[in-house]
Amino acid sequence: METRPPPGTRAAYDSDVTQASTAQSASEGQPESGPAERTDDSAERPAAVPPGAAGGGRLPEFVRRRLATVDNRLDGRSWLATAVVVAIAGILRLVGLGDIKGKIFDETYYAREGWALVEHGVEWNFKDNGPSYVVHPPLGKWLIGLGEWAFGYQDTEHNISVPGHLLTTSPEFGWRISAAVIGTLSVLLLVRIGRRMFRSTALGCAAGLLLALDGFHLVLSRTALLDIFLLFFVLAAFGALVLDRDARRQRWATAIDAGLDPSRPGRAGRPPFTVPWWRLAAGVLLGCAIGVKWSALYFVPVFALLVVLWEVGARRSVGARRPWRDALLDELPWLVLAGVAMLLTYLATWSGWFLSDDGYYRVAARYPNTPGLSDTPVLGALQNLYTYHRAAFDFHTGLSTPHKYQSWPWQWLLLGRPVAFHWSGEGNCGAPSCASEILLLGTPLLWWSFLPALAAVVWLGIARRDWRAGAILLGAAGGLLPWFWFALDGRVMFSFYAAPALPFLVLAVVYVLGAIVSPAEARAPAPPGSPAAQEAYDRRLFGGVVAGAYVLLVAICFAYFHPVFVGTLLPYADWSARMWLDGRWI
């Protein structure tokens, strides 16, 4: 438990989150002197760093603050708090994982395709005993199949019953365990990403806890669908880019401390050559995300734009004469290389198809009536894969058959049409009529906070020019805005398409909570014991109570709806009482 700071001191929030700029931030818990200043990427570029300036070595203190990062990654208390949040997430996702029997919703496809990949290396039609035509890449199904391989698989319709290689459990547990593990790991990622972005363990844990207590995320984590894997890899790629941002800024700080003059032209004014490993890792992770669902492609330009803006911001912070030109010349080749890594990773997810002659469209001779196929060595396989992708793309863009649970993007954040994954009226609940449902519904109090939070982040981001606000908004836009375009064509869509945007929406809420806890005025120091210091302390205390109360109310709301997230058998009246929007939720 953290000790309450005495009046006149500043909370570590970490007081810089609401004032930090698009390029700069103060180091964690580092006190500042002087009045609050606007330190942002678009502010006037500082003069070249003078030799022998204050702050240690050649780096002035104000520039050091702008380039500061979170260095104490092995802090024991932060990892203990992280472990508690992740344990809560894991318990919620693993307990009773196999209780709902049979394949629910699209598990009918993905559980079978996962096992087909384990057995045949490609998706397989067990009824016709031949390759199956599918419209999603294989990586998510490989991960589902890994759980089936480890814990067993059973399909009575096709006479399949295979014990697990690690432990034989219920088949439902086998095809759902990978989603549960990945969902829990995504909570871990969000805690650490939030802590690094906000310079606050408390806010990082709040982000992870809100994600753990979201019904939408919980249902996807307990079901063998692809969207939780997509969410995980997109979030992991974003986390890698945040680490890349910190590493590149630390590179500048180290170089200037060693005597670099960033105002000098050419290579003489730039840090020594280093490989941006985290950026390349982000490329690999984005390749994995695209290998789950193509909708991850929408994040490629978003993340590339973030990298460019962050690199320009770093150069402006140190006083580079031509930050935009230098950033583009230095970083575009690395972005291209990250793109190559992304493409190669994506192709690697199709390795089962490449290494087998059984894949759909793999061998042209088996599809004589399909134009565009070739059996030319190497290039023929790539050409056939392209033809396969073109057919799948035509399917996605032409998806117009009405569905009971389809919805439009403008309904998603309002919970206008959740998807029922499972429904049963059978069983004994002690009442004349019973109901068991798994409803893909976000925790209402949390989800109905997203739109106000996004509006507040836009306002705060413009007013304070905070890089965190820009990153959060761009991430949310990458996960939501493309679907508005498809809505113009009347394409059938479902609320779970919003899954990869969810972590960014949660970060938006936490960003606003942080602004409430530590407003901009708190950055101006005041003498300990003075009325101004006491007022600032009272303001932070009040903000902390408001933020804590909000998280508590979300937890209560989650607990109330938990039975319809996990399929608990309820009296029909109790189930009906949870259908707040009546027919829209039924």
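Note that this is a predicted model, so its numbers are computed, not measured. (Residues numbered from 1 in each chain as written. Predicted model: local features only at pLDDT ≥ 70, side-chain atom pairs only at ≥ 80, totals over all residues. Heavy atoms only, no water.)

**Here we look at the overall build of the protein chain**
Item 1. Tallying secondary structure elements over the protein chain gives 20 helices and seven strands in all.
Item 2. Going through the 586 residues of the protein chain one by one, you find that 57% of them count as buried.
Item 3. Taking as baseline every contact in the protein chain between residues at least 6 positions apart, the subset at least 24 positions apart corresponds to 74%.
Item 4. Accessible surface computed for the protein chain: about 24400 Å², of which carbon and sulfur atoms make up 65%. (Helix = DSSP H or I, 4+ residues; strand = E, 2+ residues; numbered from the N terminus. Buried < 20%, exposed > 50% of the residue type's maximum accessible area, 1.4 Å probe, protein only. Contact = heavy atoms within 4.5 Å. Areas by Shrake-Rupley, 256 points an atom, 1.4 Å probe, with all protein chains shown as cover.)

**Some points on the pairing of strand 5 (residues 419-424)**
Item 1. Of all six residues making up strand 5, five are buried, and the element is well covered by its neighbours.
Item 2. Pairing analysis gives five bridges linking strand 5 to strand 6 (residues 434-440), with the strands arranged antiparallel. Residue pairing in the sheet places Ala420 in a bridge with Leu439 of strand 6. (Pairing = 2+ DSSP bridges.)

**Observations concerning a nonpolar patch on the surface**
Item 1. The grouping of Leu414, Trp448, Leu451, Tyr560, Trp580 and Leu581 at the surface amounts to a nonpolar patch, some 530 Å² of accessible area in total.
Item 2. Relative to the assigned elements, Tyr560 resides in helix 19 (residues 531-566).
Item 3. The exposure class of Tyr560 is partly exposed, given its relative accessible area of 31%. (Patch = residues over 30% accessible without salt bridge, like charges linked within 9 Å, V, L, I, M, F, W, Y side chains within 5 Å. Salt bridge = Lys/Arg side-chain N within 4 Å of Asp/Glu carboxyl O.)

**Some points on unusual backbone geometry**
Item 1. The backbone of Phe105 sits at a positive phi, close to 50 degrees, despite the residue not being glycine.
Item 2. Tracing the backbone shows Phe105 in the loop between helix 2 (76-94) and helix 3 (107-120).
Item 3. In the Ramachandran plot, Asp582 falls in the positive-phi region, its phi being about 50 degrees despite a non-glycine side chain.

**Structural notes on the side chain of Ser495**
Item 1. Among the structural elements, Ser495 can be located in the loop between helix 17 (467-488) and helix 18 (502-517).
Item 2. With a relative accessible area of 8%, Ser495 lands in the buried category.
Item 3. Ser495 has contacts with Phe216, Ser407, Trp412, Arg417, Pro418, Val419 and Leu440, leaving out every residue within four places of it along the chain.

**A word on the side chain of Arg251**
Item 1. Mapped onto the elements of the fold, Arg251 is located in helix 8 (residues 227-257).
Item 2. Notably, Arg251 is buried but unbridged: the nearest opposite-charge side chain belongs to Glu331, and the N-O separation is 4.8 Å.
Item 3. Setting aside chain neighbours within four positions, we find Arg251 in contact with Pro271, Pro272 and Thr274. (Lys, Arg positive; Asp, Glu negative; His and termini not counted.)

**Quick look at the packing of helix 8 against helix 10 (residues 299-318)**
Item 1. At a minimum axis distance of 11 Å, the contact between helix 8 and helix 10 shows a crossing angle of 15 degrees. By the criterion of interaxial angle, the relationship of helix 8 to helix 10 is roughly parallel. The handedness of the crossing between helix 8 and helix 10 is right-handed. Counting all contacts with helix 8, which are made through Val234, Ala237, Phe238, Leu241, Val242, Arg245, Arg248, Arg249, Trp252 and Ile256, the residues of helix 10 involved are Phe299, Phe303, Leu306, Val307, Trp310, Glu311, Gly313, Ala314, Arg315, Ser317 and Val318. (Axes fitted to C-alpha atoms, helices over the stretch in contact; angles between N-to-C directions. Parallel < 35°, antiparallel > 145°, perpendicular 65-115°, else oblique. Left-handed = near helix turned anticlockwise from the far one by under 90°.)

**Thoughts on the nonpolar core**
Item 1. Counting residues in each nonpolar core, the largest one holds 148 residues, and the members touching the most others are Met197, Phe238, Phe303 and Phe421.
Item 2. Excluding residues that lie within four positions of it along the chain, Phe238 makes contacts with Ile193, Met197, Phe303, Leu306, Trp310, Ala471, Phe504 and Leu507.
Item 3. Formed by eight residues, the second largest nonpolar core is a distinct cluster that contains Leu67, Ala253, Leu260 and Val318. (Core = buried A, V, L, I, M, F, W, Y, C linked by side-chain atoms within 4.5 Å.)

**Points about helix 5 (residues 171-198)**
Item 1. Along its 28 residues, helix 5 runs 41 Å from first to last C-alpha, staying within 8% of the 40 Å computed at 1.5 Å per residue.
Item 2. At Ile177, helix 5 shows its largest kink, close to 40 degrees.
Item 3. Burial within helix 5 is extensive, with 23 of its 28 residues counted as buried.
Item 4. Arg199 occupies a position one or two residues after helix 5 and carries a positive phi of about 60 degrees. (Expected span 1.5 Å × (residues − 1). Bend = angle between axes of the 7 residues up to and from the residue.)

**Overview of the sheet that holds strand 5**
Item 1. The strand order across the open sheet formed by three strands is 5-6-7, and the pairing between neighbours is antiparallel. Looking along the sheet, the strands with just one partner apiece sit at the ends: strand 5 and strand 7 (570-571).
Item 2. Sheet topology places strand 6 next to strand 7; two bridges connect them, and they run antiparallel. Opposite Ala435, over in strand 7, you have Leu570 as the bridge partner.

**Some details on the pattern of salt bridges**
Item 1. Per the counting criterion, the structure on display carries 22 salt bridges.
Item 2. With a closest N to O distance of 2.9 Å, Arg176 and Glu107 form a salt bridge. Here Glu107 lies in helix 3 and Arg176 lies in helix 5, a separation of 69 residues in the sequence. Pair check on accessibility: Arg176 and Glu107 agree, each one buried.
Item 3. Put simply, Glu311 and Arg248 hold a salt bridge, and the shortest N to O gap is 3.4 Å. Taken together, the residues Glu311 in helix 10 and Arg248 in helix 8 connect sequence positions 63 residues apart.
Item 4. Within the structure, one salt-bridge network assembled from shared partners comprises Asp244, Arg248, Arg267, Arg270, Arg279, Glu311, Arg315, Arg325, Asp326, Asp330 and Glu331.

**Some points on the packing of aromatic side chains**
Item 1. Within the structure shown, the criterion is met by 46 aromatic pairs.
Item 2. Centroid distance Tyr361 to Tyr388: 6.0 Å. Interplanar angle 70 degrees. Geometry classified as edge-to-face. Pair noted here: Tyr361 is in the loop between helix 12 (351-354) and helix 13 (379-397) and Tyr388 is in helix 13, with a separation of 27 residues, a long-range link.
Item 3. In this structure Tyr388 comes out as buried when scored by relative accessible area, which is 2%.
Item 4. Ring geometry for Phe561 and Trp580: centres 4.8 Å apart, planes at 75 degrees, overall edge-to-face. A residue pair is termed long-range when its members are at least 10 positions apart, and Phe561 in helix 19 and Trp580 in the segment after helix 20 (572-577) qualify at 19 residues.
Item 5. An aromatic cluster is defined as three or more aromatic residues linked by ring pairs; in this entry it consists of Phe105, Tyr298, Trp412, Phe421, Trp483, Phe486, Phe494, Phe496 and Tyr497. (Phe/Tyr/Trp six-rings, centres within 6.5 Å; stacked < 30°, edge-to-face > 60°.)

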